[in-house]
Amino acid sequence: MTERRPIRSLVIVGGGTAGWMAAAAAARFLNDGRRSITLIESESIGTVGVGEATIPPLRDFNRLLGIEEAEFLRETGATMKLGIEFVNWGRVGDRYFHSFGKPGHDFEGVAFHQYHAKYRGRPEVGALTDYCLGAQAAYRGRFAPHSGDPRSLLGGLSYAYHFDAGLYAAFLRRRAEAGGVQRIEGKIAAVAKDDRGHVSGLKLDDGRVAEGELFIDCSGFRSLLLGEALGVAYRDWSAWLPCDRAMAVPSARADPLPSMTRATALEAGWQWRIPLQHRTGNGIVYAGEYLSDEAARAVLLGNLEEEPHGEPRALRFTAGIRERQWEGNVVALGLAAGFVEPLESTSIHLIQTAISKLFWLFPDSEFAEIERLEFNRLMTEAYEYVRDFIVLHYKATERVDTPFWRRMRDMEIPGSLAHKIALFREKGRVKRYDHDLFALPSWVMVMLGQHIEPVGYDALVDAMDDDRVLGAMRQIADTVAATAERLPRHEEYLARVLAQSMPNARRT
């Protein structure tokens, strides 16, 4: 038997958001003074960097790295995000809100939406979002942080961020380098492998060689190590997610500043609007089979609410994942591992998830097969759960106005998603799996928002007195509305936090 010993050299290929998230986390948790951590990137190779909207778990990642929220906001141009408004998805003219916070309060252990399902036919009951503080605050352009008090309505105000991905990567780079990560500028010209088929070194275009024991592939869609060097195939999901192109363009800052992302369904895809402190991020995701690049550009620019800053930047992709995201001594993160369009802002979260799983299963020199198998199982499941949630938005439509939407409405979907829809359509129940990213309220809000309405409700609801429940629901709706109205405007909250976080302000 060979002697098992700790991994002493970690090499990250590629910078951008994925590379520097991995590097910053490695500097924080893996740098014991005996392990070298190296990142190789080239300034001449651009990064995609369109992931400017996130979901709440990123706050945990920042917290683990010791990043204070005010510093993060200042360094990345970030704003607060309470959820996503979806426009024209179920039907043309529809609007609904996917809030990060749960609606109402559960009664006697039964989910609030079950009570709403029983009484929703009454005009005084209103929409489910009337009971959700996150939705009502976002509609008013208001924000206040999570209070941490579970007895308070603010205790349910969950939030994430919009931020400049390029600034975030640069911010993490500074922290990673301060934590001992060595950055090498250069392009990789060749990949060397040992007799096990493991990557042993990377030859740069200037002749230098970077050797390592564990390699993290953050090389983007090219998947230089996992895809090209090790030949791991790509599993194509375009049968369910046919959008294969995108264009992105920044525009002037929005005023007033929304505390939500917007995703608007179009003829053959959708358009995003992401408000930052210094600008607005915009983009269109579309299927080239149904919409030309020229038409997409015209639609994108024509829908902007602020003056564009420059020309749209185009990219192409295929939805799917690598068959294995850990092969030999190479682990892929981000676009090198797979891609699901950012309709629910999951791209950065999947990077975060992969980093967490890798650190949990961090190998030694033996590279035990069971650890690779477990990582690949967990990450494949994570991508499939996200895939199903995104496919739901397309499948659950009544639109028949274009060939694209007729295809989406009529397509066969993964069995896992078909089961979820069927179960919800019966009595509003949601099947969640162990590592399913999206909680029950998320599935409920999207399904109801796109007109999948249960024919019944949980039988336990009838055990509660109608007058008592309706009175409690009225009180919740009134309190939510009043609380949302009292919150500061989003831009006012940001200005106050940023002013207090400035060095001069802290000294006075």
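Residues numbered from 1 in each chain as written. Predicted model: local features only at pLDDT ≥ 70, side-chain atom pairs only at ≥ 80, totals over all residues. Heavy atoms only, no water.

## With respect to the overall build of the chain
Consideration 1: Along the backbone of the chain there are 16 helices and 21 strands.
Consideration 2: For 508 residues, the compact-globule estimate of 2.2 N^0.38 gives 23 Å, and the C-alpha radius of gyration of the chain, at 24 Å, lies within 12% of that figure.
Consideration 3: Dimensions along the principal axes, computed over C-alpha positions, put the chain at roughly 75 × 60 × 50 Å.
Consideration 4: Here the chain holds 508 residues, and 56% of them are scored as buried.
Consideration 5: In the chain, the proportion of contacts linking residues at least 24 apart, taken out of those at least 6 apart, comes to 76%.
Consideration 6: On the chain, roughly 21100 Å² of surface is accessible, and the fraction owed to carbon and sulfur atoms is 49%.
Consideration 7: When the 62 basic and 68 acidic side-chain charges of the chain are each reduced to a single mean position, those positions are 2 Å apart. (Helix = DSSP H or I, 4+ residues; strand = E, 2+ residues; numbered from the N terminus. Rg over C-alpha atoms; globule rule 2.2 N^0.38 Å. Buried < 20%, exposed > 50% of the residue type's maximum accessible area, 1.4 Å probe, protein only. Contact = heavy atoms within 4.5 Å. Areas by Shrake-Rupley, 256 points an atom, 1.4 Å probe, with all protein chains shown as cover. Lys, Arg positive; Asp, Glu negative; His and termini not counted. Charge placed at Lys NZ, Arg CZ, Asp CG, Glu CD.)

## A few points about the pattern of salt bridges
Consideration 1: Going through the model one piece at a time under the given rule, you end up with 44 salt bridges.
Consideration 2: Here R297 ties to E311 by a salt bridge, and the two come within 2.8 Å at their closest N and O atoms. With R297 in helix α8 (residues 293-302) and E311 in the loop between α8 and β17 (313-316), this residue pair connects regions lying 14 residues apart in the sequence.
Consideration 3: Take E311: its relative accessible area is 55%, and that puts it in the exposed class. (Salt bridge = Lys/Arg side-chain N within 4 Å of Asp/Glu carboxyl O.)

## Overview of the nonpolar core
Consideration 1: Grouped together as the largest cluster of nonpolar side chains are 163 residues, with contacts concentrated most on W89, L392 and Y394.
Consideration 2: The greatest single-element share of this core, amounting to 10 residues, is contributed by helix α10 (residues 369-395).
Consideration 3: With sequence-adjacent residues up to four places away left out, W89 is seen in contact with Y96, A263, T264, A265, W270, L343, H393, Y394, T397, R399, W405 and Q450. (Core = buried A, V, L, I, M, F, W, Y, C linked by side-chain atoms within 4.5 Å.)

## Focus on helix α3 (residues 69-76)
Consideration 1: All buried positions along α3 are accounted for by F72, L73 and T76. Taken end-on, α3 shows its buried residues confined to a sector of 100°, consistent with a single buried face.
Consideration 2: The inward-facing, buried residues of α3 abut α2 (57-64), β3 (79-81), β6 (160-162), α6 (165-178) and α15 (490-501).
Consideration 3: Trailing α3 by a residue or two, G77 shows a phi angle of about 65°, which is positive. (Arc of directions from axis to C-beta.)

## Points about the pairing of strand β9 (residues 199-204)
Consideration 1: Relative to β9, strand β8 (residues 188-193) runs antiparallel, the two being bridged by five bridges. When the sheet's bridge partners are listed, A192 is paired in β9 with G201.
Consideration 2: Remark: five residues form the turn of the hairpin made by β8 and β9, two consecutive strands paired antiparallel; G197 in that turn has positive phi of roughly 85°.
Consideration 3: The pairing of β9 with strand β10 (residues 209-211) spans three bridges and is classified as antiparallel. Each residue of the ladder has a partner; that of K203, found in β10, is V209.
Consideration 4: In textbook terms, the turn of a hairpin is the stretch between consecutive antiparallel strands, and for β9 and β10 this stretch comprises four residues, one of which, G207, has a positive phi near 95°. (Pairing = 2+ DSSP bridges.)

## Considering the sheet that holds strand β4 (residues 83-87)
Consideration 1: If you walk across this open sheet you meet the seven strands as β5-β4-β14-β15-β16-β13-β17, and the pairing is mixed. Looking along the sheet, the strands with just one partner apiece sit at the ends: β5 (95-99) and β17. Mean inter-strand twist for the sheet, computed between neighbouring axes without regard to direction, equals 20°.
Consideration 2: When β4 meets β5, the two strands line up antiparallel, connected through five bridges. Residue pairing in the sheet places G83 in a bridge with S99 of β5.
Consideration 3: Where α8 meets the sheet, its contacts fall on β13 (245-251), β14 (261-266), β15 (269-275), β16 (280-286) and β17, and the angle it forms with β16 comes to roughly 145°. (Axes fitted to C-alpha atoms, helices over the stretch in contact; angles between N-to-C directions.)

## What about the pairing of β14?
In summary, the side chains of a regular strand alternate between the two faces of the sheet.
Consideration 1: Here β14 lies mainly inside the structure; five of its six residues are buried.
Consideration 2: Examined bridge by bridge, β4 and β14 share four bridges and lie parallel to one another. In the sheet register, E85 faces β14, and the bridge partner there is R262.
Consideration 3: The pairing of β14 with β15 spans five bridges and is classified as antiparallel. By the bridge assignment, A265 is partnered in β15 with W270.
Consideration 4: Between β14 and the antiparallel strand that follows it, β15, lie two residues.

Interpretation in functional terms is not warranted from these geometric data alone.
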